[in-house]
Amino acid sequence: QVQLVESGGGLVQAGGSLRLSCAASGRTFSSYAMGWFRQAPGKEREFVAAISWSGGSTYYADSVKGRFTISRDNAKNTVYLQMNSLKPEDTAVYYCAAGVVAGKKSPYEYDYWGQGTQVTVSS
């Protein structure tokens, strides 16, 4: 079992940056692929980025490619999402998730979820 806690959200102006963190409990963190998703009001949860258990493979939604970077530190049981050049359309609750297979873009492929952290980008 893995428990996930996100942090780092907040209010930022367009063009700014934020770094989200997702701290995991449990000794098996390094065996899980991790993903970041987001959900805006009235919209479905959508894939943002994913990373393999080793960190050697990363995957991004086209909407964030070149602006966001996912990384992980298995020694700290933490996955990160560095978000640069933020846009108002990036406003959403951001969730991290753990799954078995790397690179999955459907939320149904993930087994464990955090509670989410709000990111608001003002124009």
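This one's a predicted model, so the numbers in the text were calculated from it and none came from an experiment.

Below, the discussion takes up the overall build of the protein chain. When helices and strands are tallied, the protein chain shows 0 helices and 11 strands. In the protein chain, the order of α-helices and β-strands from amino to carboxyl end is β-β-β-β-β-β-β-β-β-β-β. Its C-alpha atoms give the protein chain principal-axis dimensions of about 40 × 25 × 25 Å. Every one of the 123 residues in the protein chain was classed for burial, and the buried ones make up 42%. Here the contacts in the protein chain between residues at least 6 apart in sequence split such that 57% fall between residues at least 24 apart. Put simply, the protein chain shows about 6300 Å² of open surface, and 47% of that area lies on carbon and sulfur atoms. In the protein chain, which carries 12 positive and 9 negative side-chain charges, the distance between the mean positions of the two groups comes to 5 Å.

Attention now moves to the packing of aromatic side chains. The final tally for this structure, using the stated rule, is 6 aromatic pairs. Aromatic side chains Phe37 and Phe47 sit 5.8 Å apart centroid to centroid with 75° between the ring planes, which places their arrangement in the edge-to-face category. Within this pair, whereas Phe37 is found in strand E4 (residues 33-39), its partner Phe47 is found in strand E5 (residues 46-51), the two being separated by 10 residues in sequence. Like Phe37, the residue Phe47 is buried in the burial classification. Between Tyr110 and Trp113, the aromatic rings sit 6.2 Å apart at their centres with planes inclined by 65°, giving edge-to-face as the arrangement. On the basis of relative accessible area, Tyr110 is assigned to the buried category, the value being 5%. Since its relative accessible area comes to 27%, Trp113 is described here as partly exposed.

Criteria and thresholds
Residues numbered from 1 in each chain as written. Predicted model: local features only at pLDDT ≥ 70, side-chain atom pairs only at ≥ 80, totals over all residues. Heavy atoms only, no water. Helix = DSSP H or I, 4+ residues; strand = E, 2+ residues; numbered from the N terminus. Buried < 20%, exposed > 50% of the residue type's maximum accessible area, 1.4 Å probe, protein only. Contact = heavy atoms within 4.5 Å. Areas by Shrake-Rupley, 256 points an atom, 1.4 Å probe, with all protein chains shown as cover. Lys, Arg positive; Asp, Glu negative; His and termini not counted. Charge placed at Lys NZ, Arg CZ, Asp CG, Glu CD. Phe/Tyr/Trp six-rings, centres within 6.5 Å; stacked < 30°, edge-to-face > 60°.

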